[in-house]
Amino acid sequence: MKKKYQHTMNTLPIDFLENIYSAEKENTLQGKWITYKDIENLFSKYDSKFEVSKIGTSEENRPIHQLKIGTGSKKILLWSQMHGNESTGTRALFDLFNCILNSSERTFHKILEECTLLFIPMLNPDGALAYTRVNANNVDLNRDAVNREAKESKLLRSILEDFNPQFCFNLHDQRTIFSVEGTKNPATISFLAPSEEITRGLTKGRIATMDVIVSMNAMLQNVIPNFVGRYTDEFYPTATGDNFQKLGYNTILIESGHYPDDYDREESRKYTFFSILQGLHHIANSTSFINYEEYFNIPNNDKIFYDIIHRYADPKQDVAYQYDDKIIEGKFVSKLNKVDENSLISKIGHCEIVFEGKKV
């Protein structure tokens, strides 16, 4: 049975989103491997409207930049690529920067009147170059919120405390294994209102975070119904979102995932852009953030997918494969690796190849 989602008055029309995206998409950024060199020459384009500044450097001394804009009292901090190999959010942010720079639409004026936005489009430039989750010292920045061993973690925390945002957007990519529970669809976008402690209690901050996610989900159900999931809210004591939420900064996690035949994540980039813009629009146009119940109608993420499955007459002989993306001799390479799995009967391949007869 399909779930019904309440469509709030603040839901942006899909034709508006499609048109603005196609007009303003940053076409110089393509593919999953996005490095500092890909974005460094773009910053000057935004100087006329944004405050663009270098706020620090990575462990290997690559620059880390922020862009700031808006005059409103609602402060929102957005960052991407704290995991270097998760660039979909980065691309979507530059698409948004172009909209803010070029569009005269009332939607953007209202956001900038009501909100002050601070963006860190690439928090982990060393990991971005190496195409790794971790930074140059092998630290996962998303598990470094307590110890803050990494320069990048210290920088993010200092920006957080100085800026004192009401909302944060923490932008990530999730693996192709994830599906939307109760469907055979990949989880193209998944959301999370992080828990503040182990009981996953409904605090005022989590309720406000859920309210914004309800709005983003309502919009997405108009364009990719049943391709939206809810990321596990298990409490991670050292995770960034969980700790920021606990500190009183309402943190919205957006996980950009797989869309059919979209291994470059260009479709999920678009839906990530739609989600961020809808979230900002909702915050700008809302006076209270208390409508959380429909958050729990978003199906959980499940794990039913592999990238490729070879099917045989005897199901016990079926074999699954996953792509592993790496940089080899300066080139982005996707290598297929065999997966050890006892039974693939309940699994689905994004691509399935059926062989007649038995495996020899």
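Further up the page is the structure itself.
Values in this document were obtained by computation on a predicted structure and should not be read as measured data.

### Focus on the sheet that holds strand S8 (residues 228–230)
Each strand in a sheet pairs with its neighbour through backbone hydrogen bonds, running either in the same direction (parallel) or in the opposite one (antiparallel).
Consideration 1: The strand order S1-S2-S4-S3-S5-S9-S7-S8 describes an open sheet built from eight strands, whose pairing is mixed. Each having just a single partner strand, strand S1 (51–57) and S8 make up the two edges of the open sheet. Recorded for the sheet is a direction-independent mean angle of 20 degrees between the axes of neighbouring strands.
Consideration 2: Sheet topology note: the strand S3 (residues 74–80)/strand S5 (residues 167–173) ladder contains five bridges and is parallel.

### Topic: helix H4 (residues 106–114)
Consideration 1: Listed in full, the buried residues belonging to H4 are Thr-107, Phe-108, Ile-111 and Leu-112. Taken end-on, H4 shows its buried residues confined to a sector of 125 degrees, consistent with a single buried face.
Consideration 2: Contact partners of the buried residues in H4: helix H1 (14–24), strand S2 (63–69), helix H3 (88–102), strand S4 (115–120) and helix H9 (266–285).

### Points about the packing of H1 against H3
Consideration 1: At their nearest, the axes of H1 and H3 sit 9 Å apart, and the two run at 95 degrees to each other. Compared by their axis directions, H1 and H3 come out roughly perpendicular. Between H1 and H3, the residues in contact are Ile-20, Tyr-21 and Glu-24 and Asp-95, Asn-98, Cys-99 and Asn-102, respectively.
Consideration 2: Looking at the contact of H1 with H3, its residues break down into three nonpolar, two polar and two charged.

### A closer look at the packing of aromatic side chains
Both the distance between ring centres and the angle between the ring planes are used here to describe each pair of aromatic rings.
Consideration 1: Here the structure, examined in full by the defined rule, presents 21 aromatic pairs.
Consideration 2: Measuring from centroid to centroid gives 5.5 Å for Tyr-46 and Phe-97, while their planes differ by 70 degrees, and the two rings are edge-to-face. Here Tyr-46, found in the loop between helix H2 (36–40) and S1, pairs with Phe-97, found in helix H3; they are 51 residues apart in sequence, far enough to count as distant.
Consideration 3: For Tyr-46, a relative accessible area of 0% corresponds to the buried category.
Consideration 4: Seen in terms of ring centroids, Phe-167 and Phe-289 are 5.1 Å apart; in terms of plane orientation they differ by 70 degrees. Their pairing is edge-to-face. Taken together, the positions of Phe-167 in strand S5 and Phe-289 in the loop between H9 and strand S10 (301–303) put the pair 122 residues apart, joining distant regions of the chain.
Consideration 5: By relative accessible area, which is 12% here, Phe-289 ends up buried.

What counts as what
- Residues numbered from 1 in each chain as written.
- Predicted model: local features only at pLDDT ≥ 70, side-chain atom pairs only at ≥ 80, totals over all residues.
- Heavy atoms only, no water.
- Pairing = 2+ DSSP bridges.
- Helix = DSSP H or I, 4+ residues; strand = E, 2+ residues; numbered from the N terminus.
- Axes fitted to C-alpha atoms, helices over the stretch in contact; angles between N-to-C directions.
- Buried < 20%, exposed > 50% of the residue type's maximum accessible area, 1.4 Å probe, protein only.
- Arc of directions from axis to C-beta.
- Contact = heavy atoms within 4.5 Å.
- Parallel < 35°, antiparallel > 145°, perpendicular 65-115°, else oblique.
- Nonpolar A, V, L, I, M, F, W, Y, C, P; charged D, E, K, R; others polar.
- Phe/Tyr/Trp six-rings, centres within 6.5 Å; stacked < 30°, edge-to-face > 60°.

This is a description of form; function is not addressed.
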